[in-house]
Amino acid sequence: MTRSEFASAIPGFYDRLLEDLTRVCGSRDRAQDVVQETLTSAWQNICQYRGDSELLIWVEKIAYNTYYDTQRKWHADCVPLDAAANQIPGGPLTDVPHEYESLYKAMDRLNDGERTLVHLHYYLDKSYEEMSAVTGRNVGSVRSGLYHIRMKLKRLIIRYDTISQKKREKRA
């Protein structure tokens, strides 16, 4: 693929990458930074594209690798949500549990690789083969990884729901 062919494909990739990475990054500004770095890296390395997969899959793989690299830099700047809520005068905004609070807490406990698999499968509806191409893992590893992630989430959600129930009972 030539750089001019790649340049003509970029407009179709930009919006999709930005949407996907906004969900992963949690911030549109950070997602824009990752997309910019991704497209720059893809442009510089277009000669390495072998055509084994769709161009978008190749670019998505670069995007997730770029995200992981930048995540390490950003991690030092992050304040956990619970800690931020407790810094608000008067404590957290609400004591009423949100319907998906346990799921959100459980998702926060996943590592980046696990969160990526969940995002690709459940948010982007990627096939196992596409997920394999993006993550660089074989299809069997992707399938078993998702199974273990679901079991981990189930255990965590049950634990968080139990803790939340006990807190509500104490208040009552």
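Bear in mind that the values here come from a model prediction, so they are computed numbers and not experimental data.

Re the packing of helix 7 (residues 128–135) against helix 8 (residues 139–171)
Piece 1. It is the contact of helix 7 with helix 8, at a shortest axis distance of 8 Å, that shows an interaxial angle of 105°. One element, helix 7, and the other, helix 8, form an angle in the roughly perpendicular class. Packed against helix 7, whose contacting residues are Tyr128, Glu129, Met131, Ser132 and Thr135, the element helix 8 presents Val139, Val142, Arg143 and Leu146 at the interface.
Piece 2. Classifying every residue of the contact of helix 7 with helix 8 gives 5 nonpolar, 2 polar and 2 charged.

Focus on the packing of aromatic side chains
Piece 1. Taken as a whole and assessed by the stated rule, the structure comprises 2 aromatic pairs.
Piece 2. Summarising the aromatic geometry, the rings of Phe6 and Trp43 are spaced 6.3 Å apart at their centres and angled 50° between planes, so their arrangement reads as tilted. Placement of Phe6 in helix 1 (residues 3–25) and of Trp43 in helix 2 (residues 28–44) is noted, with a sequence separation of 37 residues between them.
Piece 3. Given the relative accessible area of 32%, Trp43 is considered partly exposed.

Here's the deal with the confidence of the model for the chain
Piece 1. In the predicted model, the chain carries a mean pLDDT of 78, and 83% of its residues have values of at least 70.
Piece 2. Across the chain, the secondary-structure element scoring lowest on mean pLDDT is helix 4 (residues 81–86), at 45, and the one scoring highest is helix 8, at 88.
Piece 3. Segment residues 78–96 is flagged for pLDDT under 50; beyond a separation of four residues in sequence, or across chains, it makes 7 contacts in the model.

Notes on the pattern of salt bridges
Piece 1. For the structure shown, the criterion picks out 2 salt bridges.
Piece 2. The shortest N-O distance in the salt bridge between Lys126 and Glu60 comes to 3.0 Å. With Lys126 in the loop between helix 6 (112–123) and helix 7 and Glu60 in helix 3 (residues 55–75), this residue pair connects regions lying 66 residues apart in the sequence. The same class applies to Lys126 and to Glu60, which are both buried.
Piece 3. We note a salt bridge from Lys152 to Glu114, for which the minimum N-O separation is 3.0 Å.

A look at the packing of helix 1 against helix 2
Piece 1. The contact between helix 1 and helix 2 brings their axes to 8 Å, and the two run at 150°. Judged by the inter-axis angle, helix 1 sits roughly antiparallel to helix 2. Regarding helix 1 and helix 2, the two cross each other, and that crossing is right-handed. The segment helix 1 lies against helix 2, with Arg3, Phe6, Ala7, Ile10, Tyr14, Leu17, Leu18, Leu21, Thr22 and Cys25 engaging Arg28, Arg30, Ala31, Gln32, Val34, Val35, Thr38, Leu39, Ala42, Trp43 and Gln44.
Piece 2. Residues of the contact of helix 1 with helix 2, tallied by class, amount to 14 nonpolar, 4 polar and 3 charged.

Considerations on the environment of Val24
Piece 1. With respect to the helices and strands, Val24 occurs in helix 1.
Piece 2. Spatially, the C-alpha atom of Val24 lies 9.8 Å from that of Leu120, the residues being 96 residues apart in sequence.
Piece 3. Aside from chain neighbours lying at most four places away, what touches Val24 is Tyr64, Tyr67 and His119.

A look at helix 1
Piece 1. With 23 residues, helix 1 extends just 28 Å between its outermost C-alpha atoms, more than 12% less than the 33 Å of an ideal straight helix rising 1.5 Å per residue.
Piece 2. By the burial criterion, the buried members of helix 1 are Phe6, Phe13, Leu17, Leu18, Asp20, Leu21, Val24 and Cys25.
Piece 3. Positive phi appears at Gly26, one or two residues downstream of helix 1, with a value of about 80°.

Here is what the cut-offs are and how they apply
The numbers attached to residues start from 1 for each chain and follow its sequence in the written order. Per-residue local features are limited, in this predicted model, to residues with pLDDT of at least 70; the limit for side-chain atom pairs, both in listing and counting, is 80 or more; totals at the level of whole chains, interfaces and linings are taken over all residues. As a convention, hydrogens and water are excluded, and side-chain values are obtained from all of the structure's heavy atoms. Between N-to-C directions, angles cover 0 to 180 degrees, with each direction set by a line fitted to C-alpha atoms, over the stretch in contact for helices. Secondary structure follows DSSP: runs of H or I at least 4 residues long count as helices, runs of E at least 2 residues long count as strands, and numbering of each begins at the N terminus. In this scheme, roughly parallel covers angles under 35 degrees and roughly antiparallel covers those over 145, while 65 to 115 is roughly perpendicular and the rest are oblique. A contact between two residues is defined here by any heavy atoms of the two lying within 4.5 Å. Classes in brief: Ala, Val, Leu, Ile, Met, Phe, Trp, Tyr, Cys and Pro nonpolar; Asp, Glu, Lys and Arg charged; the others, Gly included, polar. Between the rings of Phe, Tyr and Trp (Trp by its six-membered ring), a pair exists once the centres lie within 6.5 Å; its type follows the angle of the planes, with under 30 degrees stacked, over 60 edge-to-face, and the other angles tilted. Only protein chains enter the accessibility calculation, which uses a 1.4 Å probe. A residue is then buried if its area is under 20% of the maximum for its type, exposed if over 50%, and partly exposed in between. A score between 0 and 100, pLDDT records how confident the predictor is in each residue. Any carboxyl oxygen of Asp or Glu within 4 Å of a side-chain nitrogen of Lys or Arg constitutes a salt bridge here. Each helix crossing is assigned a hand: it is left-handed if the near helix lies turned anticlockwise from the far helix by less than a right angle, otherwise right-handed if that turn is clockwise. Helices are assigned an expected span. That span is 1.5 Å times one less than the residue count.

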